[in-house]
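# Working through the structure, step by step
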Amino acid sequence: MWLVTFALRRPLTILVLALAILAGSALAIRRMPADIFPSLGVPVIYVVQPFGGMSPSQMEGQLVGYYEYHFLYINGIEHIESQSIQGMAMLKLYFHPGTDIAQALAQVTAMAFRATAFMPTGTLPPFIVRFDVGSVPVGQLVFSSDKRSGGEIQDLALFKVRPLLSTLPGVSAPPPSGGTVRMIVAYVDPDRLRAYSLSTDEVATAIARSNLTLPAGNVRIGDLTTIASTNAMVASPKELEKLPLKSGPGPSVLLRDVGRVEDSGDVVSNVALVNGRDTVYMPLTKLPDASTLDVVSNIRGALPRMRALVPDDIQINFEFDQSVYVKNSIRGLVTEGVLGALLTALTVLGFLRSWRSALIVVVTIPLSILSAVIALNLVGQTINIMTLSGLALAVGILVDEATVAIENIHTHLALGKLAGRAVVDAMREVMQPRLLAMLCILAVFIPTFFLVGISRALFPPLALAVGFSMIASYLISTTLVPVMSARLFRGWPAEVHAEGPTWVSRFYDGYGRLVDGVIRMRWVALGVYLGLCGAGLLVTRQLGTELFPRVDTGQFQMRIRAPAGTRLERTTDIVRGVDKAIRDEVGAGAVHMTLANIGNPQWTFPVNAVYVFNSGPQDAVLLTALEEGSKHPPLAQLEETLRHKLKEEYPDVAFSFEAGDIVSQVLNFGAPTPIQLSVSGKSLADARAFTNRIMTGLRGIPELRDIQIPIALDYPTLEVNIDRERA
């Protein structure tokens, strides 16, 4: 009761505190990151190891095994996953929640350095990347040109645009996908090599020996100290053709005698397509603690600077923007909260028939919400779906605090009391019941802090939002509501309840008669209640369960797996055919853009496997964005139609639909599918047979789709047996 007395004695202090809440909340909203979900707190470190030409079994036995052995010395390891394909291996190190990721990253770096000492000669240091499950791509930066080759576009994207992206706060940009990696290539004629008794190894050795980086130092001449410069490194690729391959008696054999040197590109192992045409793109990812909205805003703001760095014929566009969903979610929740507050005010106005009372109630709602926002900022929370849902949920609850107080003040005013006395007497009666009601509501949310898994990260922010808003509502209803009531109701005539019957009084009378009838027939009412509960339980058993409902964002992602060992060119043709099939199904005008990543990453950019992992030239990922506002079937129906249609057109190709929107990607913890089964055993053959039996059983579940083994177990190989004596 002392809060009420303090507020009535110092009304200006309460008013200043209310204004401070408005100013503090504005500052908090500006500083709080806005994202789709709160931080999930599941740190993951990726270790990507390239080694050109090595088979998957060699990668696993001679590289991955050493990494896994040494990484077990790291503190906080929860489990390790690894994938090995030709020329590359990728390890995922999952840590227990709460692990100091900076310390873990330092330990991973140290252990990786030690593990490489046991690996074959020529092993390059690995790429070590922190990539939490919340670090999902927020969009794709797409490059296109009608005049330039893929190699030129990739070179400009890598050395002109990517450095600018690295300066943007919260943005992580890997090397570009698609195009060709620029490389100086020596083309030699095998017949000429045999004529001069040379081998390709000798040509490579001669190039390395004759094109060196040598520190020349200084030369002191008279009073000057000059910087020496040598021609140990050639100035242009054509100069390599003058390198001697064999010298001695007779004329020297030069490189131009057996071949030529060109400024060309590496062998293509990765192709990117936009709308079926070759392109180059970069997936842009936010850092774990960055805001999706801020990151996308920074990227869009930097687009003019990016375009100024490249020739005019190269177009740079930011596509597959995931912030749209975040903005729509936040806008929708804010709108629902505002509508709830307005409807509450109208309800109070209708029942109490006083605009003053409605005004007081409406004022308490935003102040309570804004106070909760300040508290959320102080405890390190962000603006996300869970905190906004908690605030929207609290609107209907916290309004009870002010409504109960106002209604009781009306009752005392109707007794003819002065405004000040009516406020004090009314608040004395409702203080304890309101406190008890608030504590009961808070108790409901306490168990959320004992959840485990992804629920542990998702629901405590919601509980905090509800709790902070309820506490703020109680304090505001105990301080600001009495102050406003004493001022607004001062000198107001005691006609709070109008003479004569009104629709409100008739409603009260009717409700009273209904309650009286229910009490007289309580056993019938109990039977009806139990019957409704039983019917509800039966209906509940027919409903599916899901953490979040699926949202039709107009984007979907398809995984295409051709038969193992399919050449990159053939897989590219299949992807173009699938692109056409999608456009035929939904209509060409309904497709905004398709973006495909075909084949495994170039060995020079193995870190790209963190963002899109393809096991070989037979794998591809196709992203499709439908035009906003276009008439197309629901995504679930469209995916089902495409499954049957594509299976008929490409019977030997496996298709599966993966998480294509930011919500599904985050909730899947970075995995491409919501359910993954891992089968391990001592024998690969036995594990595969057991897996096939599991798949047969899973296919009998009608709700499951796209059941398949994602790795190529029957990749064609060509055995080369070397005669060691003759070699």
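Because the structure is a prediction, the values reported are computed rather than measured. (Residues numbered from 1 in each chain as written. Predicted model: local features only at pLDDT ≥ 70, side-chain atom pairs only at ≥ 80, totals over all residues. Heavy atoms only, no water.)

## Topic: the overall build of the chain
- Of regular secondary structure, the chain possesses 20 helices and 19 strands.
- A globule of 727 residues ought to have a C-alpha radius of gyration of about 27 Å, yet the chain, at 35 Å, is considerably larger.
- Projected onto its principal axes, the C-alpha coordinates of the chain cover approximately 125 × 80 × 55 Å.
- Counting all 727 residues of the chain, 43% fall into the buried class.
- Looking at the chain alone, contacts between residues at least 24 apart form 78% of all its contacts between residues at least 6 apart.
- Here the chain contributes 61 positive and 62 negative side-chain charges, whose respective centroids are spaced 7 Å apart. (Helix = DSSP H or I, 4+ residues; strand = E, 2+ residues; numbered from the N terminus. Rg over C-alpha atoms; globule rule 2.2 N^0.38 Å. Buried < 20%, exposed > 50% of the residue type's maximum accessible area, 1.4 Å probe, protein only. Contact = heavy atoms within 4.5 Å. Lys, Arg positive; Asp, Glu negative; His and termini not counted. Charge placed at Lys NZ, Arg CZ, Asp CG, Glu CD.)

## Examining the nonpolar core
- Ranked by internal contacts, the top residues of the largest apolar core, which has 65 residues, are Leu391, Met427 and Leu458.
- Of all the secondary-structure elements, those providing two or more residues to this core are α1 (2-9), α2 (11-31), α10 (323-352), α11 (355-378), α12 (385-414), α13 (419-445) and α14 (454-488).
- At 14 residues, the largest contribution of residues to this core is made by α14.
- Leu273, Ala562, Val578 and Leu622 belong to the second-largest nonpolar core, a separate cluster that totals 28 residues. (Core = buried A, V, L, I, M, F, W, Y, C linked by side-chain atoms within 4.5 Å.)

## Points about the side chain of Arg643
- With respect to the secondary-structure elements, Arg643 resides in helix α18 (residues 635-649).
- Judged by its relative accessible area of 17%, Arg643 falls in the buried class.
- Polar contacts involving the side chain of Arg643 include one to the side chain of Asp706, which spans 2.8 Å.
- Excluding anything up to four places from it in sequence, Arg643 contacts Phe657, Arg705 and Asp706. (Polar contact = N/O pair within 3.5 Å; in protein donor to acceptor, adjacent residues only side chain to side chain.)

## A few points about the packing of aromatic side chains
- Taken as a whole and assessed by the stated rule, the structure comprises five aromatic pairs.
- Residues Tyr69 and Tyr73 carry aromatic rings whose centres are separated by 5.7 Å and whose planes lie at 85° to one another, so their mutual orientation is edge-to-face. (Phe/Tyr/Trp six-rings, centres within 6.5 Å; stacked < 30°, edge-to-face > 60°.)

## Focus: the pattern of salt bridges
- A full pass over the atoms with the stated rule returns 20 salt bridges.
- With a closest N to O distance of 3.0 Å, Asp146 and Arg277 form a salt bridge. Of this pair, Asp146 sits in the loop between β5 (137-144) and α5 (150-165) while Arg277 sits in strand β14 (residues 277-286), and the two are 131 residues apart along the sequence.
- A relative accessible area of 53% means that Arg277 is categorised as exposed.
- Between Arg148 and Asp313 there is a salt bridge, with the nearest N and O atoms lying 3.0 Å from each other. Placement of the pair is Arg148 in the loop between β5 and α5 and Asp313 in the loop between α9 (292-309) and β15 (315-319), with a sequence separation of 165 residues.
- For Arg148, a relative accessible area of 30% translates into the label partly exposed.
- Several salt bridges share partner residues, and in doing so they unite Glu640, Arg643, Arg705 and Asp706 into one network. (Salt bridge = Lys/Arg side-chain N within 4 Å of Asp/Glu carboxyl O.)

## A closer look at the environment of Gly276
- Turning to its location among the elements, Gly276 is positioned in the loop between β13 (271-274) and β14.
- Classification of Gly276 by relative accessible area gives buried; the value is 19%.
- In this structure the C-alpha to C-alpha distance between Gly276 and Leu642, which are 366 residues apart in sequence, comes to 18 Å.
- The contacts of Gly276, once residues within four sequence positions are left out, are Arg576, Asp579 and Thr594.

## As for the sheet that holds strand β4 (residues 127-130)
- Strand order in this open sheet of four strands is β2-β3-β1-β4, and the pairing throughout is antiparallel. Each end of this open sheet is capped by a strand with a single partner; those strands are β2 (77-85) and β4. With direction set aside, neighbouring strand axes in the sheet form an average angle of 15°.
- Sheet strands in contact with helix α3 (residues 56-71) are β1 (44-50), β2 and β3 (88-95), and its direction is about 165° off that of β2. (Pairing = 2+ DSSP bridges. Axes fitted to C-alpha atoms, helices over the stretch in contact; angles between N-to-C directions.)

## Section: the confidence of the model for the chain
- Of the residues in the chain, 94% have a pLDDT of 70 or more, and the chain-wide mean is 83.
- Low pLDDT, under 50, characterises residues 494-500; the predicted model gives this stretch 10 contacts beyond four residues in sequence or across chains. (pLDDT = per-residue confidence, 0-100.)

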